[in-house]
Amino acid sequence: PFHEALLTNFPDPAIFKHNETWYAFATNNAAGVLHQPLNKSAQDYGKAHIQLAISTDFGNWTLQNYTSDPLPTLGDWVATGYMNMNTTSQFNASDILLNYTVAVPRSNVWAPDLLQRPSDKKFILYYSATAANATRNHCVGAAIADLPQGPYKPLPTPIACPTYLGGAIDPSPFIDVDGKIYLAYKVDGNNNGHGGICGNTIPPLVNTPILLQRLAEDAVTPVGPSLDIMDRIREDGPLVEAPALVRSDEGVYFLFFSSGCTRMPSYDLKYATSTNVTGPYKRASRPLLLTGDWGLLAPGSVSVRCDAKRWRMAFHARVNTSFGGVRAMFTTGLVLNGTSVLL
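Residues numbered from 1 in each chain as written. Predicted model: local features only at pLDDT ≥ 70, side-chain atom pairs only at ≥ 80, totals over all residues. Heavy atoms only, no water.

(A) Focus on the pattern of salt bridges. The full count for this structure, using the stated rule, is 14 salt bridges. Between Lys186 and Asp188 there is a salt bridge whose closest N-O contact spans 2.6 Å. One exposure class covers both Lys186 and Asp188, and it is buried. We note a salt bridge from Arg283 to Asp236, for which the minimum N-O separation is 2.6 Å. With Arg283 in strand β19 (residues 282–283) and Asp236 in the loop between β15 (227–230) and β16 (240–247), the pair connects residues that are 47 residues apart, well separated along the chain. On the basis of relative accessibility, which here comes to 24%, the residue Arg283 falls in the partly exposed class. (Salt bridge = Lys/Arg side-chain N within 4 Å of Asp/Glu carboxyl O. Buried < 20%, exposed > 50% of the residue type's maximum accessible area, 1.4 Å probe, protein only. Helix = DSSP H or I, 4+ residues; strand = E, 2+ residues; numbered from the N terminus.)

Take a look at the structure:
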């Protein structure tokens, strides 16, 4: 049932349809490549803050050049300059692993998502990037454009910036049936963990809550305090992250999220349901996608949209290629049936 839409490093895809054209936005292409061979060029890595792909049929996708970056400039709060990203190279199973570095922007933009603001039909793009006052912790910001593909003009200050808690990542907007606008995101608590897989498998483990923040009509100004709607439990391993919130025609709210570690086979896709946008959310009895399902490796970080009463989904999964272990984009359809998701 799954289509390998983009065989390249296209992590954390977010899909959006406008005027019969599909857009997919993704984390910068320097993020999380495993075992990148030294004989492959990394000169374009990180040149675009955000990746963009376009499709007219949801089947054939065209990856845009880095010069088409939807977010060419970042908010004043974002770190500037470059950093050396440590990685490894292995040409085949018998070769020695070689440590080396690739210079990438310190901003390290992750997990974009967007909505069209009802009040003026402008497009709001949410993203997470390294804060200027932090070594590696991300915060969540926003940018505004007249077209879905941008270029987006960033706001000068972030929406959520709890660097003392490890930062904030994975923003995901949602407009409820009553017109209220929300933004879900993850507190990146495992940055403050005590080590191990994804920094948080050595006790005492820290929390990595998914928060829900009400926004004003402008879709960028927080209204009231954020709410904790999901947090890691023992079965999740080091974290929960990558929220995506939708509402079915039956009035059931579905919160999709991932757990495990994105660099490991433990990464998966889960969901929980509620009859209220603010929860409480009840977890499904089984993850929606695990390593091994349909031959996938480490599937997760989902985006779900409804198109003419038909639900569409994009997510990433690990694929081993000649240019390293990347997170390729996959697409599929799904059915929301009561409190169950059917693939």
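(B) Structural view of empty space enclosed by the protein. Here the structure, examined in full by the defined rule, presents 2 cavities of 30 Å³ or more. What the largest cavity holds in volume is close to 130 Å³. Surrounding the largest cavity, 15 residues form its lining, Asp113, Pro171, Pro243, Ser301 and Val302 being those nearest its centre. Considering only enclosed or pocket space, the second largest cavity measures out at about 50 Å³ in volume. Asn28, Gly46, Ala48, His49, Val104, Pro105, Ser107, Asn108 and Val109 together form the lining of the second largest cavity. When its residues are assigned to classes, the lining of the second largest cavity shows 4 nonpolar, 5 polar and no charged. (1 Å grid on protein atoms, 1.4 Å probe; cavity = no way out; pocket = protein on both sides within 12 Å on 5 of 7 lines; lining within 4 Å. Points joined across faces, edges and corners; volume = space filled by probe spheres on them. Nonpolar A, V, L, I, M, F, W, Y, C, P; charged D, E, K, R; others polar.)

(C) The layout of surface pockets, seen in detail. By volume, the largest pocket amounts to about 1,100 Å³. Lining the largest pocket we find 41 residues, and of these Gly32, Asn108, Trp110, Thr262 and Arg263 sit closest to its centre. Looking at the lining of the largest pocket, the elements that each hand over two or more residues are β6 (82–89), β12 (168–175) and β16. Of all the elements, β6 adds the most residues to the lining of the largest pocket, at 6 residues. Of the residues in the lining of the largest pocket, the class split is 14 nonpolar, 18 polar and 9 charged. The calculated volume of the second largest pocket comes to roughly 720 Å³. As for the second largest pocket, its lining consists of 25 residues, and the residues nearest its centre are Phe174, Ile175, Val304, Arg305 and Cys306. Contributions of two or more residues to the lining of the second largest pocket are made by β2 (14–18), β8 (110–116), β12, β16 and β20 (300–307). Taken together, the residues of the lining of the second largest pocket break down into 15 nonpolar, 3 polar and 7 charged.

Geometric descriptors of this kind do not, in isolation, establish any biological role.
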